[in-house]
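Overview (structure and organization)
Given next are the chains, with one letter for each unit.
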Amino acid sequence: MDLGVRWKLHGDGRTPAPGAVVRPDERLSWPRTVGLGAQHVVAMFGASFVAPVLMGLDPNLAIMMSGVATVVFLLATRGRVPSYLGCSLSFVGVAAVIRAQGGSSATVTGAVFVVGAALFLVGLGVRRFGARIIHATMPPIVTGAVVMLIGFNLAPVTASTYWPQDQWTALLVMLFTGLAVVCLRGFWSRIAIFLGLVFGYGVSWIFDLLFGKIHSVDASGKLTDHWRLDLSGVDKADWIGLPALHGPSFEWSAILVALPVVIALVAENAGHVKAVDEMTGDSLDDKLGTAISADGVGSMLSTAVGGPPNTTYSENIGVMAATRVYSTAAYWAAAGFALLFGVCPKFGAVVAAIPGGVLGGITVILYGMIGLLGAQIWINAEVDLRNPLNLVPAAAGIIIGVGNVSMKITDTFSLSGIALGTLVVITGYHALRAFAPAHLKTQQPLLDEGTSSYDDAKS
């Protein structure tokens, strides 16, 4: 059985020839391949650092399980789809909602485990019926609206939790990160979030030296005098040790909040596979369903032991585009680095010590970018918002999701925010479509014509 773990040496093993690319089944020399693997790890560091911290989960375990999920993905796709699976930011909002409802870390991971299982089943459906199953149930107007309301639902978290801890540091970090994203080029722009974290650490340390303790709310919401940067946990942490594990706990209220994220994950995976397809020139339509299912399995494995969910990372697409190296050998090396970081508690303590003000500046940009990815889906698919069939369900669902509107069903069960907004978008669109006049029923597919060969093959 070909597991995609054999690679041919590309050229002299040093650099790609002019105009050539290092294909997924090729590699450069092993020292260069290992170096590229380290570069991929750094590229995903920023978001993979921030996401578990924002979700209240162990960053050490998050990094370690991202390595495990990447290995599973590479084996499942037989080494044809180069990708790193890092902690998904799409779940940050649902984690915040679940915790606000009194849910524990086990409740969060239990809800996300179910999402991983649902994603796995969606992948099986795509393998069986082709991409048309995505087109039919989740057209771009639906997908874009759900991604948008997931991102913008996070705004109160920044405004009430992180920004008030240190508003001036948050402002400086926001400005620096924005400049890094816009002004830096190539690889450096891909790690702008990571650079913003490093900058924020430095600013917090300097402010502590110059001004002493700050009088503001701390991470628990209490108004106290505290240091901006508290590294006491780093001194106490061991250099080597396994992260703490815990099992998931399943509650229907939390599961219903988390399930809409399946839509965002399907869109992320579809976009990743299509991007790699275009960059390498290899048709990967037949691997779309497998990639989606593998992502689901990776998330299930991670959340089963207390880690966060995972998804394909666009940051790593940028690294591949800049280097022209699409070798899956580099991703195996990246997975190895992630596993090593995962067994270093001191590394996790450094991540956990990120000051609240730094997170405030980072999340202002990060959460907004997540939301605006929904708008990007609309733009790419040329969704016509002048069409009331598109406009009405999207408008209603986004306001419900962003405003955290709640609907009480029974004394013990209610829907609100992300879950209710997603339900309104999906059911509203399909219900209105059933009654709409023929001239309004124009529908653009989630994926472009590049999936047609896959659909034809499955016909």
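No experiment lies behind these values; they were computed from the predicted model shown.

Each value, and the rule that gives it
Residues numbered from 1 in each chain as written. Predicted model: local features only at pLDDT ≥ 70, side-chain atom pairs only at ≥ 80, totals over all residues. Heavy atoms only, no water. Helix = DSSP H or I, 4+ residues; strand = E, 2+ residues; numbered from the N terminus. Buried < 20%, exposed > 50% of the residue type's maximum accessible area, 1.4 Å probe, protein only. Areas by Shrake-Rupley, 256 points an atom, 1.4 Å probe, with all protein chains shown as cover. Phe/Tyr/Trp six-rings, centres within 6.5 Å; stacked < 30°, edge-to-face > 60°. Core = buried A, V, L, I, M, F, W, Y, C linked by side-chain atoms within 4.5 Å. Contact = heavy atoms within 4.5 Å. Salt bridge = Lys/Arg side-chain N within 4 Å of Asp/Glu carboxyl O. Axes fitted to C-alpha atoms, helices over the stretch in contact; angles between N-to-C directions. Parallel < 35°, antiparallel > 145°, perpendicular 65-115°, else oblique. Left-handed = near helix turned anticlockwise from the far one by under 90°. Nonpolar A, V, L, I, M, F, W, Y, C, P; charged D, E, K, R; others polar. Expected span 1.5 Å × (residues − 1). Polar contact = N/O pair within 3.5 Å; in protein donor to acceptor, adjacent residues only side chain to side chain. Patch = residues over 30% accessible without salt bridge, like charges linked within 9 Å, V, L, I, M, F, W, Y side chains within 5 Å.

Further remarks concern the overall build of the protein. Each helix and strand in the protein was counted, giving 21 helices and eight strands. Sorting the 459 residues of the protein into buried and exposed places 53% on the buried side. As displayed, the protein has an accessible area near 19400 Å², and 66% of this comes from carbon and sulfur atoms.

Centre distance and the angle of the planes are the two values used to describe a pair of aromatic rings. In this structure the tally under the stated criterion is four aromatic pairs. Taken together, a centroid distance of 5.9 Å and an interplanar angle of 70 degrees make the contact between phenylalanine 113 and phenylalanine 250 edge-to-face. In this pair, phenylalanine 113 sits in helix H4 (residues 105-129) while phenylalanine 250 sits in the loop between helix H11 (232-236) and helix H12 (252-258), placing the two residues 137 residues apart along the sequence. Assessed through its relative accessible area of 21%, phenylalanine 113 is described here as partly exposed. Aromatic pair phenylalanine 207 and phenylalanine 211: ring centres 5.5 Å apart, planes at 70 degrees, arrangement edge-to-face.

What follows is about the nonpolar core. In terms of nonpolar packing, the biggest core is built from 97 residues, with Val50, Met55, Phe91, Val92, Ile362, Tyr367 and Trp378 touching the most fellow members. Residues in contact with methionine 55, not counting those within four places in the same chain, are Cys87, Ser88, Phe91, Val92, Ala95, Arg99, Val108, Pro308 and Pro309. With five residues, the next largest nonpolar core counts Val22, Leu28, Val325 and Ala330 among its residues.

This paragraph deals with the pattern of salt bridges. Applying the stated rule across the entire model yields five salt bridges. In this structure, the salt-bridge partner of aspartate 286 is arginine 80, at a minimum N-O distance of 3.0 Å. One end of the pair, aspartate 286, is in the loop between helix H13 (261-280) and helix H14 (288-304); the other, arginine 80, is in the loop between helix H2 (59-76) and strand S3 (85-87), and 206 residues separate them in sequence. Here aspartate 286 falls in the partly exposed class, since its relative accessible area comes to 39%. On the basis of relative accessible area, arginine 80 is assigned to the partly exposed category, the value being 29%. The partner of arginine 228 in a salt bridge is aspartate 166, with the nearest N and O atoms 3.2 Å apart. Here arginine 228, found in the loop between strand S5 (223-226) and H11, pairs with aspartate 166, found in the loop between helix H7 (155-162) and helix H8 (167-183); they are 62 residues apart in sequence, far enough to count as distant. When its relative accessible area of 13% is taken as the criterion, arginine 228 is described as buried. Judged by relative accessible area, which is 5%, aspartate 166 ranks as buried. What you see here is one network of salt bridges that share partners, running through Asp166, Asp208 and Arg228.

Bringing the packing of H8 against helix H10 (residues 192-211) into the picture now. Their axes nearest at 9 Å, the elements H8 and H10 cross at an angle of 150 degrees. Overall, the two elements H8 and H10 adopt an arrangement that is roughly antiparallel. Pair H8 / H10 crosses with right-handed handedness. Contact residues: Thr169, Leu172, Val173, Phe176, Thr177, Ala180 and Val181 in H8; Ala192, Ile193, Leu195, Gly196, Phe199, Gly200, Val203, Ser204 and Phe207 in H10. Across the contact of H8 with H10, the residue classes tally to 11 nonpolar, five polar and no charged.

A separate point is helix H16 (residues 328-342). Residues lying three or four places apart along an α-helix face the same way, a consequence of the helix completing one turn every 3.6 residues. An ideal rise of 1.5 Å per residue puts 21 Å on 15 residues; H16 measures up with 21 Å between its terminal C-alpha atoms. What H16 keeps buried is the set Thr328, Ala329, Ala330, Tyr331, Ala333, Ala334, Ala335, Ala338 and Gly342. Where H16 begins, one side-chain oxygen reaches toward the backbone nitrogen of alanine 329, 3.1 Å away; that side chain belongs to serine 327.

A few words on the environment of isoleucine 150. For isoleucine 150, the position within the fold is in helix H6 (residues 140-152). Counting along the chain gives 56 residues from isoleucine 150 to valine 94, while the straight-line C-alpha distance between them is 8.0 Å. Beyond its immediate sequence surroundings of up to four residues, isoleucine 150 is in contact with Ser90, Pro260, Val261, Ala264 and Ile418.

Let us look at the side chain of threonine 33. For threonine 33, the location among the structural elements is in helix H1 (residues 30-55). Once you skip the residues sitting within four places of it in the chain, threonine 33 turns out to touch Arg27, Leu28, Ala329, Ala330 and Ala333.

Moving on, we come to the side chain of arginine 228. At 3.2 Å, the side chain of arginine 228 and the side chain of aspartate 166 are in polar contact. A distance of 3.0 Å separates polar atoms of two side chains, one belonging to arginine 228 and the other to aspartate 208.

Glancing now at unusual backbone geometry. Positive phi outside glycine occurs at arginine 78, with the angle close to 55 degrees. Take arginine 78: it is sitting in the loop between H2 and S3. Among the residues examined, arginine 78 registers a relative accessible area of 31% and is labelled partly exposed. A positive phi angle is found at glutamate 382, which is not glycine, with a value near 55 degrees. Given the relative accessible area of 63%, glutamate 382 is considered exposed.

Quick look at a nonpolar patch on the surface now. Together, Trp205, Ile206, Leu209, Leu210 and Phe211 make up an exposed nonpolar region whose accessible area comes to about 590 Å². Relative to the assigned elements, phenylalanine 211 resides in helix H10.

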